[in-house]
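# Geometric and topological summary
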Amino acid sequence: MITTFVGKAVVLSNNIDTDQIYPGRYLSLIDPKEIGAHCLEGVDSAISPNFEKNGVVLAGSNFGCGSSREHAPIALLSMGASVVIAESFSRIFFRNAINLGLPLLTCKGANKRIRSGQMLEIDIMQGTIRVVETGEILLCDKIGEHAISILEAGGIKPLMRKRMGL
Amino acid sequence: MHAIEKILAKHAGKASVTTGEIIFAKIDFAEINDLYLQTVYSFMEMGGTKVWDNNKVAFVFDHYAPAPTIQSAKNQAEMREFAQKNAFKHHFDINAGVCHQVMVEAGIILPGRLIVATDSHTTTHGAFGAFGTGVGATDMATVLLTGELWFRVPEIVEIRIEGIPAKGVYPKDVVLHVLGKMKADGAVYKAIDFTGSYVNQLGPAGRMVLCNMAVEMGAKTAYMQPNKLVMDYVERVAAYPFEVSYTDPGYLYEQGYTFDVTHLSPQIAIPHSVDRVRSIEDVENVKVNQGFIGSCTGGRLEDFESAANILRGKKLPPFVRLVIIPASTKVLEQCMEKGILQELIQSGATLSTPGCGPCLGAHEGIIAPGEVCITASNRNFPGRMGSTDAGIYLASPATVAASVLNGHITDPRNYLT
């Protein structure tokens, strides 16, 4: 499992719901590449085409609220997000993201202290964010043990395959 | 322990559970809707061939019923094939309705049962004293494989609602009021136990509205101790054995909130957030282009009855439309028997067949840029019903009816004597 990333921040507000992450009108798409092209279209359709690989999505509270759609973390992964950082996550989004191997970090106030476009160095296991430009280090909550075990396996699918003896 | 904790403990094969503990619980019923062909793909990627129990899984085709695109038709076709191959005992095709309504009517949702569905509004089933929670496609695939799922035992908060509001103020108004105070992140990851004199007298339909909207506060699940009205209903429809759970006397909630709804006015959530709630007096005169009565929140017999009471014998003004979609075929039949659908159609309503309709912006009443829809459904996020430049106002079915009748937001109490 890759646990450190360097990527550019895209900063969003509170209560970014799954309709904004992935609008309902695209729900019948199943190709991850096509899904990624519409990521965050409900916020700004310019985000996905300009998103750089390993970029960091950084938001306020209750990120991923609303519908249970797994398209939301699929879209973020396919767009190239390495990690999502927020003040808090909605429950279903949290499970979906971890199950698909998308790391999430919970960090109070990071969305107010970091600006879109700043380069960040993220350490998933240590739960740290380093702002390259200023050297400032922000501390996040550590990811729970159960979630780590899923992420380390590369998501719930490889974990289940192992359990099935495949 | 709380009744919710007892349900989790029982399904985890444990004598007790504590808040924050991770448990593996056996699932009583798993429902997958037609947005989630991915569940089948994930199941196969995990090495699955046959589901763990073909009497405990069902597909409900509701979000895209009947299929509006070739892609959604293909997704449903693949799901049908999987259901047939696995010999599912229950199957709800495009003629059934919204999952949270049809599962209730089929006697699947019963007190003490643990229900997961690939839909966030699975909190609805707390109305029957069941533990219901939404999961994603891949989470669901692990359920199909093993019959189990991991859960974090949630903190439980009490929302006590006292008093009986005046005529013209409905369960939707009550829950919008609560949501406006609790906010969209007011109960993230927590379980909500609704109590109090208001809840105690509510029947299944009203209870479903409150528990349904609990997820809009971020709740993992909702719960209401079954009353006689609920027990009479479940005993009539039950397709499985069940056992009611009870909270121990003196149980300490993580937090408690009390609301008195005696003097409540009709409530409206204004664009673009479910927790931007106003009393109707503050938003009257906002012009509306379309009304929608339907969905897992506002598509039951009681909802169409309250709308018909306002629209009976009257006509919608020109250039204003009202989309009505019964939540299930059973609801549609009940409304026809009572003549309600005929009355609404005579008033100028547009009827579509049971399903989620425009609630999530898939089809059957999508709105254009600059338009306003007043709706009995559950979400007003930007773009939820189509254009991100449209405005969605959440209200009770009666407020929707009164508003389309006037072409602007209108207090339904003006029409009730």
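Computed from a predicted structure; not experimentally measured.

What follows covers the overall build of chain A. Scanning chain A from N- to C-terminus turns up eight helices and seven strands. In summary, chain A has a C-alpha radius of gyration of 15 Å against a globular reference of 15 Å for 166 residues, a match within 12%. The dimensions of chain A, computed from C-alpha atoms along their principal axes, are 45 × 35 × 25 Å. Per-residue burial over chain A gives 60% buried out of 166 residues. Long-range pairs, those at least 24 residues apart, make up 64% of the contacts in chain A between residues at least 6 apart in sequence. If you sum the accessible surface of chain A, you get close to 6600 Å²; carbon and sulfur atoms cover 51% of it.

Between chain B and chain A, the residue contacts involve 44 residues of the former and 36 residues of the latter. Carbon and sulfur atoms make up 55% of the surface buried where chain B meets chain A, a total of about 3600 Å² over both sides. Summed over the shared surface of chain B and chain A, the number is three salt bridges. Salt-bridge contacts for Asp19 of chain A lead to Arg384 of chain B; the nearest nitrogen and oxygen are separated by 2.9 Å. Between the two partners, chain B and chain A, sit 21 residue pairs in polar contact (both at pLDDT 80 or more). Listed by contribution, the elements that provide at least two residues to the side of chain B that touches chain A are strand 1 (22-26), helix 2 (37-45), helix 3 (70-85), strand 5 (131-134), helix 5 (137-146) and strand 6 (148-152) of chain B. For the side of chain B that touches chain A, the leading source of residues is helix 5 of chain B, giving six residues.

Once that is clear, we can look at the nonpolar core. Judged by nonpolar contacts, the single largest core of 108 residues is most densely connected at Leu40, Val57, Phe63, Leu76, Ile85 and Ile129 of chain A together with Val116 of chain B. The biggest single contributor to this core is helix 5 of chain B, with six residues. Structurally, this core is a two-domain feature, drawing no fewer than three residues from each of domain 1 (3-258) and domain 2 (269-410) of chain B. Apart from the residues lying within four places of it in its own chain, the contact partners of Val116 of chain B are Ile27, Phe29, Ala30, Glu31, Thr122, Thr133, Val135, Met140, Val143, Leu149 and Phe151 of chain B.

Looking now at the sheet that holds strand 9 (residues 221-223) of chain B. Within a sheet, adjacent strands bond to each other through the backbone by hydrogen bonds, running parallel or antiparallel. All names here are of chain B. Judged by pairing direction, the sheet is parallel, and its four strands sit side by side in the order 9-8-7-10 without closing on themselves. Single-partner strands in this sheet number two, and they are strand 9 and strand 10 (255-260). The sheet shows a mean angle of 20 degrees between the axes of neighbouring strands, direction not considered. Bridge analysis of strand 8 (residues 191-195) against strand 9 gives three bridges, and the strand direction is parallel. Along strand 9, the bridge assignment pairs Asp193 with Tyr223. Contacts from helix 1 (residues 3-12) reach strand 7 (156-162), strand 8 and strand 9, with the element oriented near 120 degrees to strand 9.

Residue and element names in this part refer to chain B. Running from amino to carboxyl end, helix 11 (residues 301-311) crosses helix 14 (residues 397-406) at an angle of 30 degrees, the nearest separation of the two axes being 8 Å. If you check the angle between helix 11 and helix 14, you find them roughly parallel. Once helix 11 is placed against helix 14, the crossing between them reads as right-handed. For the pair helix 11 and helix 14, the contacting residues are Asp303, Ser306, Ala307, Ile310 and Leu311 in the first and Pro397, Ala398, Ala401, Ala402 and Leu405 in the second.

Scanning the entire structure with this criterion turns up 27 salt bridges over all chains. Lys56 of chain B serves as the salt-bridge partner of Asp53 of chain B, at 3.8 Å between the closest nitrogen and oxygen. Look at the salt bridges and you will find they share partners, linking Asp19 and Arg69 of chain A together with Arg384 of chain B into a network.

Procedures and definitions
Residues numbered from 1 in each chain as written. Chains lettered and ligands numbered in written order. Predicted model: local features only at pLDDT ≥ 70, side-chain atom pairs only at ≥ 80, totals over all residues. Heavy atoms only, no water. Helix = DSSP H or I, 4+ residues; strand = E, 2+ residues; numbered from the N terminus. Rg over C-alpha atoms; globule rule 2.2 N^0.38 Å. Buried < 20%, exposed > 50% of the residue type's maximum accessible area, 1.4 Å probe, protein only. Contact = heavy atoms within 4.5 Å. Areas by Shrake-Rupley, 256 points an atom, 1.4 Å probe, with all protein chains shown as cover. Buried area = accessible area lost by both parts, 1.4 Å probe. Salt bridge = Lys/Arg side-chain N within 4 Å of Asp/Glu carboxyl O. Polar contact = N/O pair within 3.5 Å; in protein donor to acceptor, adjacent residues only side chain to side chain. Core = buried A, V, L, I, M, F, W, Y, C linked by side-chain atoms within 4.5 Å. Domains from an automatic or database assignment. Pairing = 2+ DSSP bridges. Axes fitted to C-alpha atoms, helices over the stretch in contact; angles between N-to-C directions. Parallel < 35°, antiparallel > 145°, perpendicular 65-115°, else oblique. Left-handed = near helix turned anticlockwise from the far one by under 90°.

Any functional reading would require information that these geometric values do not contain.
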